[in-house]
Amino acid sequence: MSNGILLLGGTSDIGGELLLRLCAGRPVVLTARRPFALEEISRRALEAGATEVRTLEFDAADLASHRAVVDAAGQVSTAIVAFGILGDQECAEQDEAHAVEIATIDYTAQISMLTVLASTMERGEIVAFSSIAGWRARRANYVYGSTKAGLDAFCQGLSDRLHGSPLRLITARPGFVIGSMTEGMTPAPMSVTPEDVAEAVAQELSRGTGSRTLWIPRRLRLLAYVMRLVPRPIWRRMPR
């Protein structure tokens with residue numbers, strides 16, 4: 001399975017779309033807390049040309065299990081770290097347990113898994129997902145935003161660590177993603193779909209030119225610059 005793909009978070013919209021763009025002629029390992037929920041993406045992967053599909057149980061909050069899950073997946077050359085939760089901001093403001101749950105899944109578990117992958121994969125690529133939400137935390141979603149800010153900083157450092165090695169890290173930094181996680185929410189400016197994000201990452205992976213951080217869409221970089229300049233009294237009233 002030296003050319004295999006490991007998808008951590010097999011029910012992720014973005015992770016699934018990226019997998020389908022990469023899996024032709026390759027074996028695949030899918031993971032999820034509820035492996036029975038992986039039947040659809042397993043079928044689609046096989047239809048897209050995957051040579052085989054295996055599933056593993058994976059609870060991101062069980063940090064001690066991360067290395068065992070990666071070991072069970074076997075040798076892979078592409079790892080997609082796509083698990084995560086949006087959480088409930090209003091609940092997290094009053095319930096410290098929920099705030100810690102968001103922080104554990106979206107930050108602590110991410111750096112744990114990325115560290116395991118970076119220390120065990122000999123070559124290939126790791127894909128991680130940051131967000132514009134981490135660029136400058138907003139009152140409306142500061143718990144989730146803070147985890148993305150921390151993850152993004154970690155990924156920049158890990159990219160520097162991997163520089164010049166046979167292993168690279170692609171960090172996707174999309175805007176608001178219209179998908180199952182944000183269902184019912186009003187899309188923000190420069191919103192993207194899971195397909196948009198997956199296509200941008202797949203194109204970057206095809207170039208094979210080392211670690212990189214991708215703004216998706218590219219023009220989001222300009223909006224991010226403007227965000228830094230908004231005075232704080234105005235910023236604290238910004239919606240999600």
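For every chain, the first residue of the written sequence is number 1, and numbering continues from 1 along that sequence. pLDDT decides what is reported in this predicted model: residues at 70 or higher carry local features, side-chain atom pairs at 80 or more are listed and counted, and totals for whole chains, interfaces and linings draw on all residues regardless. Computation of side-chain values covers all heavy atoms of the structure but excludes hydrogens and water.

Draft legend 1. Focus on the overall build of the chain. Secondary structure counts use DSSP, requiring at least four H or I residues in a row for a helix and at least two E residues in a row for a strand, with both numbered from the N terminus. Helices and strands together make up the secondary structure of the chain, namely 9 helices and 7 strands. This radius of gyration counts C-alpha atoms alone. The globule rule is 2.2 Å times how many residues there are, raised to the power 0.38. A compact globule built from 240 residues would reach a C-alpha radius of gyration of about 18 Å, and the chain, at 17 Å, matches this within 12%. Dimensions of the chain along its principal axes, counting C-alpha atoms only, are 55 × 35 × 30 Å. A burial count over the chain gives 49% of its 240 residues as buried. A fraction of 70% describes how many contacts in the chain between residues 6 or more apart in sequence connect residues 24 or more apart. Taken as a whole, the chain presents about 11,400 Å² of accessible surface, with 53% of it coming from carbon and sulfur. Counting rule for charge: Lys and Arg are taken as positive, Asp and Glu as negative, and neither His nor the chain ends is counted. Charge placement uses NZ in Lys and CZ in Arg. For Asp and Glu, CG and CD serve respectively. Of the side chains in the chain, 26 bear a positive and 26 a negative charge, and the two mean positions are spaced by 10 Å. Note on exposure labels: buried denotes an accessible area under 20% of the residue type's maximum, exposed denotes more than 50%, and partly exposed covers the range between, all computed with a 1.4 Å probe on protein chains only. When checking whether two residues touch, look at their non-hydrogen atoms; a contact exists if any pair is within 4.5 Å. For the accessible areas, the method is Shrake-Rupley and the probe is 1.4 Å, while residue cover comes only from the protein chains on display.

Draft legend 2. Spatial organisation of a nonpolar patch on the surface. There is a patch of nonpolar side chains on the surface, built from Leu222, Tyr225, Val226 and Leu229 and spanning about 440 Å² of accessible area. Relative to the elements of secondary structure, Leu229 occurs in helix H8 (residues 220–229). Within the patch definition used here, like charges are joined within 9 Å and nonpolar side chains (Val, Leu, Ile, Met, Phe, Trp, Tyr) within 5 Å, considering only residues with over 30% relative accessible area and no salt bridge. We define a salt bridge as a side-chain nitrogen of Lys or Arg found within 4 Å of a carboxyl oxygen belonging to Asp or Glu.

Draft legend 3. Seen up close, the packing of helix H1 (residues 13–22) against helix H2 (residues 39–47). Only the stretch in contact is used when a helix axis is fitted, and all axes are lines through C-alpha atoms; the angle between N-to-C directions ranges over 0 to 180 degrees. At a minimum axis distance of 9 Å, the contact between H1 and H2 shows a crossing angle of 20°. One finds that H1 runs roughly parallel with respect to H2. Where H1 crosses over H2, the two elements pack in a sense that is right-handed. Taking contact as the criterion, the partners of Gly16, Glu17, Leu19 and Leu20 in H1 are, on H2, Ile41, Arg44 and Ala45. Note that Gly is not counted as nonpolar here; it falls among the polar residues with everything else outside the nonpolar set of Ala, Val, Leu, Ile, Met, Phe, Trp, Tyr, Cys and Pro and the charged set of Asp, Glu, Lys and Arg. Considering only residue class, the contact of H1 with H2 consists of 4 nonpolar, 1 polar and 2 charged. Orientation is classified from the angle alone, with under 35 degrees giving roughly parallel, over 145 giving roughly antiparallel, 65 to 115 giving roughly perpendicular, and any other angle giving oblique. Helix crossings are classified by the rotation of the near helix relative to the far one: an anticlockwise turn of less than a right angle makes the crossing left-handed, while a clockwise turn makes it right-handed.

Draft legend 4. Fine view of the side chain of Ser130. Note that Ser130 resides in the loop between strand E5 (124–129) and helix H6 (142–162). Here a polar contact means two N or O atoms within 3.5 Å. Within protein one must be a hydrogen donor candidate and the other an acceptor candidate, and residues neighboring in sequence count only if both atoms are side-chain atoms. There is a polar contact of 2.6 Å between the side chain of Ser130 and the side chain of Asp152.

Draft legend 5. Representation of H1. Among the 10 residues of H1, 8 are classified as buried, and the element is accordingly described as predominantly covered. Where H1 is buried, its residues meet strand E1 (4–8), strand E2 (27–32), H2, strand E4 (76–81), E5 and helix H7 (194–207). For H1, the capping residue at the N-terminal end is Ser12, with a side-chain oxygen 3.4 Å from the backbone nitrogen of Ile14.

Draft legend 6. Spotlight on the pattern of salt bridges. With the rule as written, the count across this model stands at 10 salt bridges. A salt bridge links Arg168 to Glu125; its shortest N-O distance comes to 3.4 Å. Here Arg168, found in strand E6 (residues 167–174), pairs with Glu125, found in strand E5; they are 43 residues apart in sequence, far enough to count as distant. The exposure class assigned to Arg168 is buried, which follows from its relative accessible area of 8%. Connected through shared salt-bridge partners, Glu17, Arg21, Arg44 and Glu199 make up one network.

Draft legend 7. Quick look at the environment of Glu57. Mapped onto the elements of the fold, Glu57 is located in strand E3 (residues 52–57). With a relative accessible area of 59%, Glu57 lands in the exposed category. Spatially, the C-alpha atom of Glu57 lies 5.4 Å from that of Arg33, the residues being 24 residues apart in sequence.

Draft legend 8. Structural view of the sheet that holds E2. The criterion for strand pairing is that DSSP finds at least two bridges linking the strands in question. Taken in spatial order, the 7 strands make up an open sheet running E3-E2-E1-E4-E5-E6-E7, and their pairing is parallel. Looking at which strands have only one partner, the edges of the open sheet turn out to be E3 and strand E7 (212–216). Looking at each pair of strands side by side, their axes are set apart by 15° on average, direction ignored. Across 6 bridges, E5 lies against E6 in parallel orientation. Of the residues in E6, the one forming a bridge with Gly124 is Leu167. Taken strand by strand, helix H5 (residues 96–120) contacts E1, E4, E5 and E6, and its axis lies near 170° from that of E4. Those strands touched by H6 are E5, E6 and E7, and its axis lies near 150° from that of E6.

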